[in-house]
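Here is how the chains run, residue by residue.
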Amino acid sequence: MSDHSTALASLAAAAPAAALIDIGINLAHESFDADRDAVIVRARDAGVVQMVVTGSTLASSMRAIALAREHPRTLFATAGVHPHHATELTGARLTELEELARQPEVVAVGECGLDYFRNLSPHPAQQQAFHAQLELARRIAKPVFLHQRDAHGDFTAILREHAAVWHGVAHCFTGSAAELQCYLELGLAIGITGWICDERRGTHLAALMPQIPPARLLLETDGPYLLPRDLKPRPASRRNEPAYLPQVARAVARARAEPLETLARSSTAAARALFQLPVA
Ligand SMILES: [Zn+2]
C-alpha cells in the first residue's frame, strides 16, 4: 500500500460511517447570508447528504423554498408559521401559506405548534394558528413539523382533536419520559438536537434515547441555534451548522449503546420515509 492510499484509507476511516440527514436547519436565517454555499459544502463533506430547511414565517418559508429549488435533491423546505409569529396568520395569509405548502419542494407543514415559554404571541392566537396548520397538513396530505415548549397539555390536546395518529415530528424534543411516551403513542417521530450534548441540561435526554424506536428517531441541528456544547474546538461565532450534525449523532448513538453507523442508517431511513425524500 502506497503512502497515498494509506492517507486515503485513514481519511475514509475519519469520515462518517453513513449518510446523515439534518431534518431541521434554519438555513434561510440571515446568519448564513455571507457563506450559505460554503455551509452546504461543509455539510456534505461531513456526511450530511440532505437537509430540510425550516420555514418559520411566510417570508422564511419562501426563502426555504427558493433554497430548495437552487439545490434540488439536497435541500428541502418546510412551510409554516412558528407560534412566536402566530398573530401573522390571518385569513389571507393562510391562503398564501397553503400555496407555499403545496409546492413540491415543501416536505412538511411547520414549524407550527405552541410556545408558552417565551409567549411572543398570545395563547389564543397560537392555538388558532396551530389548528389552522394541522387542518392544512391534513388537506394537502403532508406531515407536520412540530414545535412545543412549556405547553405539553394544550399541545397534545389539540393534536388529539385533529387525528388519532399523527404523521409528523416533534422537533427539538427536550421533554420528560412521560412526554416522550405521549408523543410516541400519538404516532410522532422524535427530533433530537445538540441539546443532548449539553452536560448541564441534556443528561435526562440521554437516558430516554433507548426508548425511541429506530424508525421514529430523527436528527437535527436546529442551526444557527443550539451549537453542541461539547464541540471542540468551539467555533468563535457560536453559530451552529449542519456540518456539526455528526456530533449530535455520536451523542445519540452513545446514549443508545449502538454503533454510529446503525443510528445513521436508521435515522436517515426514518427521515426519508417521513418526508418522502429521494435517495441523494
Ligand atoms: Zn422550534
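A brief structural summary. A quick note: this is a predicted structure, and the numbers were derived from the prediction, not measured.

Parameters and conventions
- Residue numbers here run from 1 along each chain, matching the order of that chain's written sequence.
- With the structure being a predicted model, the display of local features is reserved for residues of pLDDT at least 70 and the display and counting of side-chain atom pairs for 80 or more, all residues being used for whole-chain, interface and lining totals.
- To get the side-chain values, take all heavy atoms of the structure and skip hydrogens and water.
- Burial status follows relative accessibility: with a 1.4 Å probe on protein chains alone, a residue under 20% of its type maximum counts as buried, one over 50% as exposed, and anything between as partly exposed.
- For helices the rule is a DSSP run of H or I covering at least 4 residues; for strands it is a run of E covering at least 2, with both sets numbered from the N terminus onward.
- When DSSP finds at least two bridges between two strands, those strands are taken to pair.
- The path from the first strand over the helix to the second decides the hand: if it runs clockwise while the strands point away from the viewer, the crossover is right-handed.
- The donor set covers N, O and S atoms within 2.8 Å of the metal, switching to 3.2 Å for Na, K and Ca, and it leaves out water, so a site may look short of donors.
- Here a polar contact is recorded for every N or O atom pair within 3.5 Å, except that within protein the pair must consist of a potential hydrogen donor and a potential acceptor, and residues adjacent in sequence are included only if both atoms are side-chain atoms.
- Whether two residues are in contact is decided by their heavy atoms, any of which lying within 4.5 Å being enough.

## Focus: the pairing of strand E1 (residues 20–25)
And then number 1: Across the six residues that make up E1, a large majority, six, are buried.
And then number 2: Of the pairings in the sheet, the one linking E1 to strand E2 (residues 48–53) comprises four bridges and is parallel in character. Bridge pairing in E2 places Leu 20 opposite Val 48.
And then number 3: Viewed along the sheet, the connection from E1 through helix H2 (residues 36–45) into E2 turns out right-handed.

## Some details on the coordination of the zinc ion
And then number 1: Ligation of the zinc ion by protein atoms is provided by Glu 111 (OE), His 147 (ND1) and His 171 (NE2), these donors lying 2.1 to 2.2 Å from the ion.
And then number 2: When the donor residues of the zinc ion are listed from N- to C-terminus, their spacing reads E-x35-H-x23-H. Placement of the pair is Glu 111 in strand E4 (residues 106–115) and His 147 in strand E5 (residues 144–149), with a sequence separation of 36 residues.

## Notes on the side chain of Gln 126
And then number 1: If you trace the backbone, Gln 126 turns up in helix H5 (residues 123–140).
And then number 2: Residue Gln 126 is classed as buried on the basis of its relative accessible area, which comes to 1%.
And then number 3: Separated by 2.7 Å, the side chain of Gln 126 and the backbone nitrogen of Asp 115 make a polar contact.
And then number 4: Once you skip the residues sitting within four places of it in the chain, Gln 126 turns out to touch Pro 83, Ala 86, Gly 113, Leu 114, Asp 115, Tyr 116, Asn 119 and Ser 121.

What is shown is where atoms sit, not what they do.
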